[in-house]
Amino acid sequence: QVQLVESGGGLVQAGGSLRLSCTASGRTASNYAMGWFRQAPGKEREFVARISWGTTSSTKYADSVKGRFTISRDNAKNTMYLQMNSLKPEDTAVYYCASPRFPYVPVVDTPAQVAYWGQGTQVTVSS
């Protein structure tokens, strides 16, 4: 069974940085795309970023985080990261890592594409 575990959330002032981690078990991480989603109070869960399977590791970001967030992965550690810089209060949300059902799928861009979710980690950005 696939399990995803996030860590690294916390409270930070606007303009600060956090690095989120997501460690996967139950699958070979290099063969699966992985992504980050977030859900703020009163809002639907939304796409944040994704990274493709394989060594090329192409990435995609939501417009709201482009230039501020960086997604990466360390396949040897079965871990995905989200480096968040220049954080804004509107980034406050529960952040979830996600993985699709099938290997070699290039994208994870909508909640409907997600088969496995982490438990979520809270990110709070104060003004």
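Note that the coordinates shown come from a computational prediction; the quantities given were computed from them, not determined experimentally. (Residues numbered from 1 in each chain as written. Predicted model: local features only at pLDDT ≥ 70, side-chain atom pairs only at ≥ 80, totals over all residues. Heavy atoms only, no water.)

## Quick look at the packing of aromatic side chains
As a reminder of what qualifies: Each pair of aromatic rings taken from Phe, Tyr and Trp, with Trp reduced to its six-membered ring, is defined by centres within 6.5 Å and is described as stacked if the planes are under 30 degrees apart, edge-to-face if over 60, and tilted in the remaining cases. Secondary structure elements are defined from DSSP: runs of H or I of at least 4 residues count as helices, runs of E of at least 2 residues count as strands, and each element is numbered from the N terminus. The cut-offs for exposure are 20% and 50% of the maximum accessible area for each residue type, with area from a 1.4 Å probe on protein chains only; residues under the lower value are buried, those over the upper are exposed, and the others partly exposed. By definition, being over a ring means that NZ of Lys or CZ of Arg is both within 6 Å of the ring centre and within 35 degrees of the ring normal.
Overall, the coordinates contain four aromatic pairs when judged by the stated rule. An angle of 80° between the planes, with centres 5.0 Å apart, marks the rings of Trp53 and Tyr104 as edge-to-face. Here the residue Trp53 occupies a position in the loop between β5 (46–51) and β6 (59–61), and Tyr104 occupies one in the loop between β9 (93–99) and β10 (116–117), the gap between them amounting to 51 residues. Note on Trp53: relative accessible area 34%, which makes it partly exposed. Ring plane angle 80° and centroid distance 6.2 Å describe the contact between Tyr96 and Trp117, whose orientation is recorded as edge-to-face. Of the two residues, Tyr96 is situated in strand β9 and Trp117 in strand β10; the sequence distance between them amounts to 21 residues. The class of Tyr96 is buried, set by a relative accessible area of 13%. Through a chain of ring-to-ring contacts, three or more aromatic side chains come together here, namely Phe37, Phe47, Tyr96 and Trp117. Over the face of the ring belonging to Phe47 we find Lys60, whose NZ or CZ atom lies 5.9 Å from the ring centre.

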